[in-house]
Amino acid sequence: MSYSVGQLAAMAGVTVRTLHHYDKAGLLSPGERSHAGYRLYSEADLVRLQQILFYRELGFPLEEIAAIFEDPQANALERLLARQRQLNQEIARLQRLAKVAERAIEVQKTGVPLTPEERSEVFGEITFDLSYATEAELKWAHSQGQREAMARATAHTKEDWRRLMGEAAAWRAELLAAFDEGEPSDGERAMDLAEEHRLHIARWFTSCPPDIHRRIADDFVADSRAFALVVPPSQQRPGLAAYTRDAVYANAARHTGDGTDSEEDR
């Protein structure tokens, strides 16, 4: 039985243009022509088209499909196995993205409840980075402290945020002054500033024992987005993030005597 190009396209759920493209690519040429010169496709052509569409659905480019058809015994299994591995990797990547998207939605739902104008007024140069907040939510997903911090942030009023950011600005000015004046990171002034920062977190967000404070400070050096939440880029100096981290570590050691957590901080 023979099929016209229109009939074959309808049966396979493709366009006539697609069949013309496959013909030009040498993948599917009609087995015969009518007396009037129209393409006529056989049952074998239909089977070949179904194979092409199968490989296309798996994401194979036309050139690779042509290579498989040239020697299916030598190429098909190896190429299918390779494609299976790629698909599994893509599935894993998409699952990770879906999880990130889910967390991003939660961050947006439970984030700072201010309008854009109020955010600008209250936060100034300190900007809320959704990508960092989402990654932090993933990183600390099983942390009771993270859940408490997000819940308390949601409950803060505009006036709360004004007071919170006012405290942060005053602390930041003192930190910059200590750094610019050459105060050592393990000196009393720097350690006192680190302690103020720790208590600020505990007062406004969640309990912050020294071990947690050290992990937060590690992020200051590892991720510029984290330190930008403390000191905006326009006010940063080279080495300031590391200085702040070192002061936090020195203060943690001062708290416990050996850098480990006391029973009071657990």
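Details of the structure are given in the entry above.
Residues numbered from 1 in each chain as written. Predicted model: local features only at pLDDT ≥ 70, side-chain atom pairs only at ≥ 80, totals over all residues. Heavy atoms only, no water.

A.B. asks: How should I be thinking about the nonpolar core in this particular structure?
C.D. replies: A general trend in soluble globular proteins is that nonpolar side chains are found buried together. Formed by 20 residues in total, the largest nonpolar core has its most connected members in Leu 8, Leu 19, Leu 28 and Ile 65. Looking at this core, the elements that each hand over two or more residues are α1 (5-12), α2 (16-24), α3 (43-57) and α4 (62-70). In this view, Leu 8 contacts Tyr 3, Leu 19, Leu 28, Tyr 41, Leu 46 and Leu 49; residues no more than four positions away in its chain are not counted. Core analysis: the second largest hydrophobic core is formed by 18 residues, Ala 190, Val 231, Tyr 243 and Val 248 among them. (Core = buried A, V, L, I, M, F, W, Y, C linked by side-chain atoms within 4.5 Å. Buried < 20%, exposed > 50% of the residue type's maximum accessible area, 1.4 Å probe, protein only. Helix = DSSP H or I, 4+ residues; strand = E, 2+ residues; numbered from the N terminus. Contact = heavy atoms within 4.5 Å.)

A.B. asks: What am I meant to see in the sheet that holds strand β2 (residues 32-33) here?
C.D. replies: Strand pairs in the sheet, formed through backbone hydrogen bonds, run parallel or antiparallel to each other. The antiparallel open sheet is built from three strands, whose spatial order is β1-β3-β2. For this open sheet the edge positions go to β1 (3-4) and β2, each flanked by a neighbour on one side alone. In this sheet, strand β3 (residues 39-41) lies alongside β2 in antiparallel orientation, the contact comprising two bridges. In the sheet register, Arg 33 faces β3, and the bridge partner there is Arg 39. (Pairing = 2+ DSSP bridges.)

A.B. asks: Would you explain the pattern of salt bridges in this entry?
C.D. replies: Applying the stated criterion to the full structure yields 12 salt bridges. Between Arg 189 and Glu 181 there is a salt bridge whose closest N-O contact spans 2.7 Å. Given a relative accessible area of 55%, Glu 181 falls into the exposed group. The network of salt bridges with shared partners includes Glu 181, Glu 183 and Arg 189. (Salt bridge = Lys/Arg side-chain N within 4 Å of Asp/Glu carboxyl O.)

A.B. asks: Looking at this structure, I do not really get the packing of aromatic side chains. What am I missing?
C.D. replies: Pairs of aromatic rings are described using the distance from one ring centre to the other and the angle between the two planes. Enumeration over the complete set of coordinates arrives at six aromatic pairs. Look at Trp 161 and Phe 205: their rings are 6.0 Å apart centre to centre, the planes differ by 50°, and that puts the pair in the tilted class. You can see Trp 161 sitting in helix α9 (residues 158-180) and its partner Phe 205 sitting in the loop between α10 (188-204) and α11 (210-222), a full 44 residues away along the chain. Both residues of the pair, Trp 161 and Phe 205, count as buried. Geometrically, the ring pair formed by Phe 179 and Tyr 243 is edge-to-face, given 5.1 Å between the ring centres and 75° between the ring planes. With Phe 179 in helix α9 and Tyr 243 in helix α13 (residues 240-256), this residue pair connects regions lying 64 residues apart in the sequence. Residue Tyr 243 is classed as buried on the basis of its relative accessible area, which comes to 10%. Taken together, the ring pairs connect Phe 54, Tyr 55, Phe 60 and Phe 69 into an aromatic cluster. If you follow Arg 214 out to its NZ or CZ, it ends over the ring of Tyr 249, 5.9 Å from the centre. (Phe/Tyr/Trp six-rings, centres within 6.5 Å; stacked < 30°, edge-to-face > 60°. Lys NZ or Arg CZ within 6 Å of the ring centre and 35° of its normal.)

A.B. asks: When you look at α4 in this model, what are you seeing that I'm missing?
C.D. replies: It helps to recall that an α-helix has 3.6 residues per turn; residues three or four apart then point in one direction. When α4 is considered as a whole, its buried residues turn out to be Leu 62, Ile 65, Ile 68 and Phe 69. For α4, the arc enclosing every buried residue in end-on projection is 115°, short of the 170-degree limit, so these residues lie on one face. Away from its buried face by more than 90 degrees, α4 exposes Glu 63 and Glu 70. (Arc of directions from axis to C-beta.)

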